[in-house]
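Summary of structural features
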Amino acid sequence: MFTFISDWDGVLFNVAALKQDWFHLLDALSGKDAVATYETVKQECGFYDATYHMELLGGTERVWRQAITDFLREKAPQCIFPEARPLLEGVRARGGKVVIMTKGTNWFQRAKIDLSGLDSVIDAVYVAEDRDKIAAFREVSASFEEPRIFLEDTPEELEILKQHDPSLRTILLVRKGVSLTAPYIDAIVRHLGEVLLLLP
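Residues numbered from 1 in each chain as written. Predicted model: local features only at pLDDT ≥ 70, side-chain atom pairs only at ≥ 80, totals over all residues. Heavy atoms only, no water.

A closer look at the layout of surface pockets
A volume near 570 Å³ is recorded for the largest pocket. Looking at the largest pocket, it is lined by 25 residues, and the ones nearest its centre are D9, V15, K42, Y48 and K103. Residues belonging to the lining of the largest pocket are distributed by class as follows: eight nonpolar, seven polar and ten charged. In this structure, the second largest pocket encloses a volume near 200 Å³. In terms of lining residues, the second largest pocket is bounded by G10, D153, P155, L172, L173, V174, R175, K176, V178, S179 and L180. (1 Å grid on protein atoms, 1.4 Å probe; cavity = no way out; pocket = protein on both sides within 12 Å on 5 of 7 lines; lining within 4 Å. Points joined across faces, edges and corners; volume = space filled by probe spheres on them. Nonpolar A, V, L, I, M, F, W, Y, C, P; charged D, E, K, R; others polar.)

Description of helix 5 (residues 84-93)
Taken together, the buried positions of helix 5 are A84, L87, L88, G90 and V91. Down the axis of helix 5, the smallest arc covering the buried residues is 155°, so these residues share one side. Those residues of helix 5 that are buried are in contact with strand 1 (2-6), strand 2 (96-103) and strand 4 (148-152). Once helix 5 ends, the next one or two residues include G95, with phi positive near 90°. (Buried < 20%, exposed > 50% of the residue type's maximum accessible area, 1.4 Å probe, protein only. Helix = DSSP H or I, 4+ residues; strand = E, 2+ residues; numbered from the N terminus. Arc of directions from axis to C-beta. Contact = heavy atoms within 4.5 Å.)

Some thoughts on the sheet that holds strand 6 (residues 187-189)
The sheet built from six strands is open, its strands ordered 3-2-1-4-5-6 with parallel pairing. The open sheet is flanked by strand 3 (124-128) and strand 6, the only strands paired with a single partner. With strand direction ignored, the average angle separating the axes of adjacent strands in the sheet is 20°. Here strand 5 (residues 169-173) pairs with strand 6 via three bridges, running parallel. Considered in strand 6, the bridge of L173 is made with V189. Packed on one face of the sheet, helix 6 (residues 106-114) meets strand 2 and strand 3 and runs near 150° to strand 3. (Pairing = 2+ DSSP bridges. Axes fitted to C-alpha atoms, helices over the stretch in contact; angles between N-to-C directions.)

Regarding unusual backbone geometry
E146 connects to P147 through a cis peptide bond whose omega is -5°. Along the polypeptide, P147 turns up in the loop between helix 7 (134-143) and strand 4.

As for the pairing of strand 3
Across the five residues of strand 3, five count as buried, placing the element largely inside the fold. Of the two faces of strand 3, the one holding A124, Y126 and A128 and the one holding V125 and V127 are both buried throughout. Direction of pairing for strand 2 relative to strand 3: parallel, over a ladder of five bridges. What sits directly across from T102, in strand 3, is V127.

So this is what it looks like as structure tokens:
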């Protein structure tokens, strides 16, 4: 047994493909320019906080829930990277547990995951609503056995987690651009299909 932990946005879920349509939905719901407030949200929160973004636009998740649910029901499955399902199914076939550990607004991240169509191959979801994932990682560590393998597209996140748990096996996903080497990165992949070759 092993535990495979993966980030969501940018790793399994193509958030860039969702972003423009998300802004159009917020524009339509609020009558305001969602793009103009997006950077303010990222700067002030340190991550994308969907609830705060909607508040800046004059709305709330509670009021806009049905429109958001309908939107994500249609769009979330389209934003899954094609190699994501085979990877997660491969982890399960090898006896691994699949854990998603992501950062952002809890309800928004969970809605993207729950409506993605991948929920049947995911064992647990942890959402860190603060600036780092250490609290969520502590929960994962307490609940899931070693070895634990973490797939992430942000080197800084891997560095923080590896400092917390030196036994964690870390994999950096670099789809494009220059990859880097660092003592906190155990492997680098350019495609999700490569990850299966690194698993027990």
